[in-house]
Amino acid sequence: MAFELPSEPDCNAEDFCLPGLELQHEMLFSLKNWSDVGGITERLSAVGADVHALSLNRSADLFVLRCRVKAISAARARAFVRDLDGVVEGAASVEHLMLAKAGEHVGA
């Protein structure tokens, strides 16, 4: 049996691709109106993102939306956050996470 190198993931140089790991993005937004959440999730779907987790919390006079998404590149996640001018009140951020793919770490 010959040793085979794992196949390289399809991504560009900015996407932090490593075999066996999955790229996810934790996005954080401050919203003036809680109803803006629907528009943000619709925009995420439109760019091909898979919303993995979502939470909305009140903070003083704003709402803090935290989304964990996958299935988009790091570059696309950063562009998405930049493109939300006018919807987001204050700063928005994105953090990139490298996680073991589901099923590959079970039983380890």
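Shown above is the structure to which this text applies.
Here goes a summary of the coordinates provided.

Cut-offs applied
- Residues numbered from 1 in each chain as written.
- Predicted model: local features only at pLDDT ≥ 70, side-chain atom pairs only at ≥ 80, totals over all residues.
- Heavy atoms only, no water.
- Core = buried A, V, L, I, M, F, W, Y, C linked by side-chain atoms within 4.5 Å.
- Buried < 20%, exposed > 50% of the residue type's maximum accessible area, 1.4 Å probe, protein only.
- Helix = DSSP H or I, 4+ residues; strand = E, 2+ residues; numbered from the N terminus.
- Salt bridge = Lys/Arg side-chain N within 4 Å of Asp/Glu carboxyl O.
- Arc of directions from axis to C-beta.
- Phe/Tyr/Trp six-rings, centres within 6.5 Å; stacked < 30°, edge-to-face > 60°.

On to the nonpolar core, then. By size, the foremost hydrophobic cluster in this structure holds 17 residues, and its most contacted members are Met27, Phe29, Leu31, Ile40 and Leu44. Taken together, the elements giving at least two residues each to this core come down to strand 1 (21–31), helix 1 (36–46), strand 3 (62–70) and helix 2 (74–82). Among the elements that line this core, the one with the most residues is strand 3, at four residues.

For the coordinates displayed, the defined rule picks out five salt bridges. For Arg76, the salt bridge is made with Asp83, and the minimal N-O distance between the two is 4.0 Å. Look at the salt bridges and you will find they share partners, linking Glu26, Arg66 and Arg68 into a network.

Those residues of helix 1 that fall on the buried side of the exposure criterion are Val37, Ile40 and Leu44. Down the axis of helix 1, the sector holding all buried residues measures 65°, keeping them to one side. Facing away from the buried side of helix 1, by more than 90 degrees, are the exposed residues Glu42 and Ala46. In the segment just after helix 1, Gly48 is the residue with positive phi, at about 90°.

What follows concerns the packing of aromatic side chains. Overall, the coordinates contain one aromatic pair when judged by the stated rule. Ring centres 6.5 Å apart and planes at 70° place the aromatic pair Phe29 and Phe80 in the edge-to-face group. With Phe29 in strand 1 and Phe80 in helix 2, this pair connects stretches of sequence that are 51 residues apart. Judged by its relative accessible area of 4%, Phe80 is buried.

That's the geometry; what it means functionally is another story.
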